[in-house]
Structures are given as C-alpha cells and as structure tokens.
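# Coordinate inspection notes
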Amino acid sequence: NQAARQNREQIETISTDWSGWNGSNIVLGYCVSQLPKPLSTIIQELYIRGKERKDIILELGLSESTFRRYRQKAIEDLAEMYLALQSAGVVLEWDD
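Fair warning: this is a prediction, and the values are worked out from it, not measured in the lab.

### Description of the overall build of the chain
Helix and strand counts for the chain come out as 5 helices and 0 strands. Along the chain, helices and strands appear, N-terminal first, in the series α-α-α-α-α. A buried classification covers 31% of the 96 residues belonging to the chain. Here the chain displays about 6100 Å² of accessible surface, and carbon together with sulfur accounts for 49% of that area.

### Structural notes on the nonpolar core
Nonpolar side chains tend to gather and get buried jointly when the protein is soluble and globular. In terms of nonpolar packing, the biggest core is built from 15 residues, with Leu 35, Ile 43, Phe 67 and Leu 78 touching the most fellow members. Put simply, the parts of the chain that give this core at least two residues each are helix H2 (26-33), helix H3 (37-48), helix H4 (53-60) and helix H5 (64-87). It is H3 that contributes the most residues to this core, 5 residues altogether.

### Structural notes on the pattern of salt bridges
For the coordinates displayed, the defined rule picks out 6 salt bridges. Between Asp 77 and Lys 73 there is a salt bridge whose closest N-O contact spans 2.9 Å. On the criterion of helical spacing, the pair formed by Asp 77 and Lys 73 is a turn pair, its members being 4 residues apart in helix H5. One network of salt bridges, with partners in common, ties together Glu 45, Arg 49, Lys 51 and Glu 59.

### A word on the packing of H3 against H5
Interhelical geometry of H3 versus H5 gives an angle of 90 degrees and a closest axis separation of 9 Å. Between H3 and H5, the angle falls in the class roughly perpendicular. In contact with Pro 38, Leu 39, Ile 42, Ile 43, Leu 46 and Tyr 47 of H3, H5 contributes Phe 67, Tyr 70, Arg 71, Lys 73, Ala 74, Ile 75, Asp 77 and Leu 78. Grouping the amino acids of the contact of H3 with H5 by side-chain chemistry returns 11 nonpolar, no polar and 3 charged.

### Re the environment of Leu 78
Mapping Leu 78 onto the fold places it in helix H5. Leu 78 sits in the buried class, given a relative accessible area of 1%. As for Leu 78 and Leu 35, which are separated by 43 residues in sequence, their C-alpha atoms are 8.0 Å apart.

Reading the values: the criteria
- Residues numbered from 1 in each chain as written.
- Predicted model: local features only at pLDDT ≥ 70, side-chain atom pairs only at ≥ 80, totals over all residues.
- Heavy atoms only, no water.
- Helix = DSSP H or I, 4+ residues; strand = E, 2+ residues; numbered from the N terminus.
- Buried < 20%, exposed > 50% of the residue type's maximum accessible area, 1.4 Å probe, protein only.
- Areas by Shrake-Rupley, 256 points an atom, 1.4 Å probe, with all protein chains shown as cover.
- Core = buried A, V, L, I, M, F, W, Y, C linked by side-chain atoms within 4.5 Å.
- Salt bridge = Lys/Arg side-chain N within 4 Å of Asp/Glu carboxyl O.
- Axes fitted to C-alpha atoms, helices over the stretch in contact; angles between N-to-C directions.
- Parallel < 35°, antiparallel > 145°, perpendicular 65-115°, else oblique.
- Contact = heavy atoms within 4.5 Å.
- Nonpolar A, V, L, I, M, F, W, Y, C, P; charged D, E, K, R; others polar.

In structure tokens, the structure reads:
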C-alpha cells in the first residue's frame, strides 16, 4: 500500500541523510532524545559523534545482531516521528 511504501522511503531517506547531519537540526535532535536510551545512544554515537560500530558494541556490551536490531528500530522510530511531525505541519529542514 502507498502508506507503507512512503514509510519505507522515509526510513531510507533518514538512514542515508544521517551521514551529512552535523547536529544542528533541532527537530531531529529532539526526536533522537525521545528514543529509549540504548537506541538514542546508538544513533548519537554512530551518526553524530562518528564512532565506529565495533566500539559502540563494546561500550554497550551488545552483540552484533542486537546492535543491528537496535539501530534499525531507532531509524524506524525516527522515521515515524518525522512523518508524524511532518503531517502535523512542523517545518522539517535539513541544514546543508
């Protein structure tokens, strides 16, 4: 269905756009802060601070599969929040 396709596209957009995010998008920062602790930590450490995946796994005491599952869940949750804010009329812009 169209809604599911749009959600998948939004998830892909968010996951690829993270690499260019410099932490100055306040709305995105707020959304990250609303994630449960392990998910927000993974997003912050991996995409904002640029830490290596293996280092985050060691610091958090996670298995590789748990890390991947948490990362995917965080991206999906962020996409849902992004879409909800967008549909509510919140202006969402990526800083270049």
